[in-house]
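A closer look at the structure
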Amino acid sequence: MKRLPALIIALSLVAAGCAQQKISLKYDYAPGLDTRYLWTIDSTTALSSSTDQSTTHLFMEVDVHEEVQRAAGRGGNSRLTITLTPRSLQEGGVRAATPPPTKIEYQLGSNGQIRRPVTTALSEREASALELGTILAQSRLALPNRPVGVGDRWSTPLRLSGDTGTIDFKGQGRLVGFDLRSGRRLARIETDRSGEITAQEQLAGVFVELRGRSTNTATSMLDLDRGILYSSVSRFASNFDLADEQSGRLAGTLRVTLVSKLQLQPG
């Protein structure tokens, strides 16, 4: 209890000092960066069609390892390598075999922002370009390109396309406030996005086209001193109409809810 007043004072100073001025929120993917996260995915899928009425629950834990390598030669761009290693997988409450690890490389711009994937070949068991982009989007909030203060908002569009579909979201991010955890100065950021999703999937042995809308809300914590994501909790709700690829007729509906959590690990 004796430490409580000091903690309150420290939090007050952090909040007051940051609230009085606009600050730059940015990632710092400096060469040599080595971070690890625990990523959990909890989803429920409800399918309703003339041939199938089912609900599927999936829970997965994934170890995420991020490394930044210095560019070779002068003027080259550094690369961010993200290794995803599934730790556990449950389908309908039953433990299932985990997918193999996936390694993705991204090219970084001169300002440290992620520019584009440089992975050139993916095996059939690895994720598609769209899925890789979605993975990255879920673990990275979009930051403003200008200094902001508490309450300020900025645009956070998300446009992804790949062999299996497209995502087109629009929305806003907002700087809510500041926090202090284990000596880390953190910025609390909330985002709200919604938009259209199209995808091609095989359901009950039939190839169908999914068209629908999705909403996404997230609360993220950014480490102000290290320029890395500290944590993120993101919630998705999507509703799709299923159309038979051959006839184009409505074949059913699909509802997906998903909670994605990312937490920086010690070390």
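The shown structure was predicted, so the numbers you read here are calculated from the model rather than taken from an experiment. (Residues numbered from 1 in each chain as written. Predicted model: local features only at pLDDT ≥ 70, side-chain atom pairs only at ≥ 80, totals over all residues. Heavy atoms only, no water.)

Points about the overall build of the protein
In terms of regular secondary structure, the protein is built from 2 helices and 13 strands. Counting every position in the protein, which comprises 267 residues, the buried fraction comes to 40%. When contacts within the protein are restricted to residue pairs at least 6 apart in sequence, those whose partners lie at least 24 apart make up 57%. Only carbon and sulfur atoms are counted for the fraction: they give 50% of the accessible area of the protein, which is about 15100 Å². (Helix = DSSP H or I, 4+ residues; strand = E, 2+ residues; numbered from the N terminus. Buried < 20%, exposed > 50% of the residue type's maximum accessible area, 1.4 Å probe, protein only. Contact = heavy atoms within 4.5 Å. Areas by Shrake-Rupley, 256 points an atom, 1.4 Å probe, with all protein chains shown as cover.)

Thoughts on the nonpolar core
Formed by 48 residues in total, the largest nonpolar core has its most connected members in Leu25, Val64, Leu175 and Ile189. At 6 residues, strand E12 (residues 228–244) tops the list of elements feeding residues into this core. (Core = buried A, V, L, I, M, F, W, Y, C linked by side-chain atoms within 4.5 Å.)

Remarks on the pattern of salt bridges
Counted under the stated rule, the structure contains 8 salt bridges. Between Arg188 and Asp179 there is a salt bridge, with its nearest N and O atoms 3.7 Å apart. One continuous salt-bridge network, built from bridges that share partners, spans Asp179, Arg181 and Arg188. (Salt bridge = Lys/Arg side-chain N within 4 Å of Asp/Glu carboxyl O.)

Observations concerning unusual backbone geometry
One non-glycine residue, Ser182, adopts positive backbone phi at about 50°. Mapped onto the elements of the fold, Ser182 is located in the loop between strand E9 (165–181) and strand E10 (184–203). Here Ser182 falls in the exposed class, since its relative accessible area comes to 75%.

Quick notes on the side chain of Asp223
Along the chain, Asp223 turns up in strand E11 (residues 206–223). A relative accessible area of 2% means that Asp223 is categorised as buried. A polar atom in the side chain of Asp223 sits 3.0 Å from the backbone nitrogen of Asp225. With sequence-adjacent residues up to four places away left out, Asp223 is seen in contact with Arg184, Arg185, Leu186, Ile228 and Tyr230. (Polar contact = N/O pair within 3.5 Å; in protein donor to acceptor, adjacent residues only side chain to side chain.)

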